Amino acid sequence: MSVVIFFIFAVCFFLLAGALHYFRLIQQTASYPPKKILKQRAAVFGAGSGIFLAIGIVLLYLH
């Protein structure tokens, strides 16, 4: 069970890193993907990170 919890928190970390990466790209003045697409990607990665974090916390307390 602890391997599953570790995997969920690892996925959460990588999704958060992806969200921060896209958020950093939004701050640049010239970027190839339009800022609208970058904002959508950052939001999707951030929401996914939040969902995996919530699942991980619930599994941690149920364990």
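Residues numbered from 1 in each chain as written. Predicted model: local features only at pLDDT ≥ 70, side-chain atom pairs only at ≥ 80, totals over all residues. Heavy atoms only, no water.

Asker: Can you explain the overall build of the chain? Please cite residues and give values.
Answerer: Across its full length, the chain carries two helices and zero strands. The C-alpha atoms of the chain give a radius of gyration of 14 Å, which is well past the 11 Å a tight globule of 63 residues would have. Reported as C-alpha extents along the three principal axes, the dimensions of the chain are approximately 45 × 15 × 10 Å. When contacts within the chain are restricted to residue pairs at least 6 apart in sequence, those whose partners lie at least 24 apart make up 62%. Accessible surface, the chain: about 4,700 Å² in total, of which carbon and sulfur atoms supply 76%. (Helix = DSSP H or I, 4+ residues; strand = E, 2+ residues; numbered from the N terminus. Rg over C-alpha atoms; globule rule 2.2 N^0.38 Å. Contact = heavy atoms within 4.5 Å. Areas by Shrake-Rupley, 256 points an atom, 1.4 Å probe, with all protein chains shown as cover.)

Asker: A description of the environment of L53 should follow, citing residues and the corresponding values.
Answerer: Its place among the elements puts L53 in helix α2 (residues 35–62). Look at L53 and you get partly exposed, because its relative accessible area is 37%. Apart from the residues within four sequence positions on either side, L53 is in contact with F9 and C12. (Buried < 20%, exposed > 50% of the residue type's maximum accessible area, 1.4 Å probe, protein only.)

Asker: Which residues make up helix α1 (residues 2–27), and what are the values?
Answerer: For α1, which comprises 26 residues, the first-to-last C-alpha distance of 38 Å matches the rise-based estimate of 38 Å (1.5 Å per residue) to within 8%. Residues I5, I8, V11, C12, L15, G18, A19, Y22, L25 and I26 constitute the buried set of α1. (Expected span 1.5 Å × (residues − 1).)

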